[in-house]
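Listed below are the residues making up each chain.
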Amino acid sequence: QKEVEQDPGPLSVPEGAIVSLNCTYSNSAFQYFMWYRQYSRKGPELLMYTYSSGNKEDGRFTAQVDKSSKYISLFIRDSQPSDSATYLCAPEGGFNKFYFGSGTKLNVKP
Amino acid sequence: GAVVSQHPSRVICKSGTSVKIECRSLDFQATTMFWYRQFPKQSLMLMATSNEGSKATYEQGVEKDKFLINHASLTLSTLTVTSAHPEDSSFYICSASRGAGGQFFGPGTRLTVL
């Protein structure tokens, strides 16, 4: 079983839609949960992170963690074409070691 | 803040040669640096973790004699792909961490081995 499972997509939505990106994980010891965005042929950039269960909001982005069900979500409100990228979830397994999901490719159509 | 650079951004080499990739944290001191490899349409695969002044810790299946990592300072790590072969062609990405709060990635190096 993989440490982190993520639907690879692609996910195609119209501009302005609410996007929901999700991951599941298997290790209950994970405490930090990161979301990265990667544009084609670029390195990933950190979007936001949460600690333990709960929600965290940053502008149009909301990260949500439910440790009881080992479920991680990233919501994007009022999606824009510039949000088109691959989104990677990455729980941290201690000592700064991250376990990356396969990434979900998002396409926001104008 | 938290900018990480990589050099070169792209390299093409002949089979059998060695290639060195540099990773620098520009505005912070990185306690740990990581090297990843990413094949087309796949996620990042961690190759090794390195701390300044100590030997790198390699992930299972990664040949330490083929992928030499040197972490000379708190702002510089290098990855040398020795005797490169076409199957080593990939996108190599480094990241740097300054503690809790995530890793900061470089822009990546695209290696093509002919």
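Look above for the structure.
Below is a short write-up of the structure. Position numbers for residues count from 1 along each chain, tracking the sequence in the order it is written. Whichever chain is written first becomes A and whichever ligand is written first becomes 1, with later ones labelled in order. Predicted model: local features are reported for residues with pLDDT of at least 70 only, side-chain atom pairs are reported and counted for 80 or more only, and whole-chain, interface and lining totals are derived from all residues. As a rule here, side-chain values cover all heavy atoms of the structure and leave hydrogens and water aside.

Let's talk about the sheet that holds strand β8 (residues 76-81) of chain B
Residues and elements named next belong to chain B.
Inference 1: Pairing is antiparallel in the open sheet, where four strands are placed in the order β1-β3-β8-β7. Here the strands that pair on one side only, and so sit at the sheet edges, are β1 (4-7) and β7 (67-73). Adjacent strand axes in the sheet meet at a mean angle of 15°, parallel and antiparallel pairs treated alike.
Inference 2: For two strands to pair, DSSP has to find at least two bridges joining them. Working definition: helices are DSSP H or I runs of at least four residues, strands are E runs of at least two. Numbering for both runs from the N terminus. Of the pairings in the sheet, the one linking β7 to β8 comprises five bridges and is antiparallel in character. In the sheet register, Ile69 faces β8, and the bridge partner there is Leu79. In this description, a line fitted to the C-alpha atoms serves as the axis of each element, helices being fitted only across the stretch in contact, and the angle between N-to-C directions of two axes falls anywhere from 0 to 180 degrees.

Describing the interface of chain B and chain A
Inference 1: Contacts are assigned to residue pairs that have any heavy atoms within 4.5 Å of one another. Tallying the contact residues gives 20 residues for chain B and 18 residues for chain A.
Inference 2: Simply put, the buried area is the total loss of 1.4 Å probe accessible area from both parts when two parts are fitted together. Here chain B packs against chain A, burying approximately 1,500 Å² in sum over the two surfaces, 55% of which is carbon and sulfur.
Inference 3: Contacts described as polar in this section are N or O atom pairs within 3.5 Å, which, within protein, must combine one atom able to donate a hydrogen with one able to accept it, while residues neighboring in sequence count only if both atoms come from side chains. Our count for the chain B to chain A interface comes out at four residue pairs in polar contact (both at pLDDT 80 or more).
Inference 4: Of all the secondary-structure elements, those providing two or more residues to the side of chain B that touches chain A are β4 (32-38), β9 (90-97) and β10 (103-105) of chain B.
Inference 5: Following the grouping adopted for this structure description, the nonpolar residues are Ala, Val, Leu, Ile, Met, Phe, Trp, Tyr, Cys and Pro, the charged ones are Asp, Glu, Lys and Arg, and the polar ones are all others, Gly among them. Within the side of chain B that touches chain A, the residues separate by chemical class into 10 nonpolar, eight polar and two charged.

As for the environment of Arg77 of chain A
Residue and element names in this part refer to chain A.
Inference 1: Mapped onto the elements, Arg77 comes out in the loop between β8 (71-76) and β9 (85-92).
Inference 2: Between the alpha carbons of Arg77 and Phe95 there is a distance of 33 Å; along the sequence they are 18 residues apart.
Inference 3: If we ignore the near neighbours within four places in the chain, the residues touching Arg77 are Ala17, Ile18, Glu57, Gly59, Arg60, Phe61 and Thr62.
Inference 4: Within the structure, Arg77 has its side chain in polar contact with the backbone oxygen of Gly59 (distance 2.4 Å).
Inference 5: A polar contact is formed between the side chain of Arg77 and the side chain of Thr62, at a distance of 3.1 Å.

Description of the pairing of β8 of chain A
All names here are of chain A.
Inference 1: Taken together, the six bridges between strand β3 (residues 19-25) and β8 define a ladder with antiparallel strand orientation. When the bridges of β8 are listed, Cys23 appears paired with Ile72.
Inference 2: As paired strands, strand β7 (residues 61-66) and β8 are joined by six bridges and run antiparallel to one another. Following the sheet pairing, Gln64 is matched in β8 by Ser73.
Inference 3: Between β7 and β8, which pair antiparallel and follow one another directly, the connecting turn spans four residues, one of which, Lys70, has a positive phi of 55°.

Quick notes on the side chain of Ser50 of chain B
All names here are of chain B.
Inference 1: Structurally, Ser50 is set in strand β5 (residues 45-51).
Inference 2: For Ser50, a relative accessible area of 1% gives the class buried.
Inference 3: Of the polar contacts made by the side chain of Ser50, one reaches the side chain of His71; its length is 2.8 Å.
Inference 4: With near-sequence residues (within four places) excluded, Ser50 lies in contact with Thr31, Thr32, Met33, Ala56, Ile69, His71 and Ser77. Each residue is assigned to one of three classes by its accessible area relative to the maximum for its type, calculated with a 1.4 Å probe on protein chains only: buried under 20%, partly exposed between the two thresholds, exposed over 50%.

Re the pattern of salt bridges
Inference 1: Think of a salt bridge as a Lys or Arg side-chain nitrogen and an Asp or Glu carboxyl oxygen that are within 4 Å of each other. All told, the structure shown has five salt bridges over all chains when counted by the stated rule.
Inference 2: Close ionic contact of Arg37 of chain A with Glu45 of chain A constitutes a salt bridge, the shortest N to O distance being 3.2 Å.
Inference 3: Salt-bridge contacts for Lys66 of chain B lead to Asp88 of chain B; the nearest nitrogen and oxygen are separated by 2.9 Å. Here the residue Lys66 of chain B occupies a position in the loop between β6 (57-58) and β7, and Asp88 of chain B occupies one in the loop between β8 and β9, the gap between them amounting to 22 residues. In terms of burial, Lys66 of chain B and Asp88 of chain B fall into one category: buried.

Examining the environment of Ser102 of chain A
Inference 1: Looking at the element boundaries, Ser102 of chain A is found in the loop between β9 and β10 (104-109).
Inference 2: With relative accessibility at 31%, the residue Ser102 of chain A sits in the partly exposed group.
Inference 3: For the pair Ser102 of chain A and Asp58 of chain A, spaced 44 residues apart in sequence, the C-alpha separation works out to 23 Å.
Inference 4: For Ser102 of chain A, the contacting residues outside a window of four places in its chain are Gln6, Pro8 and Leu88 of chain A together with Ser43 of chain B.
Inference 5: Here Gln6 of chain A takes part through its backbone oxygen, which lies 3.0 Å from a polar atom of the side chain of Ser102 of chain A.

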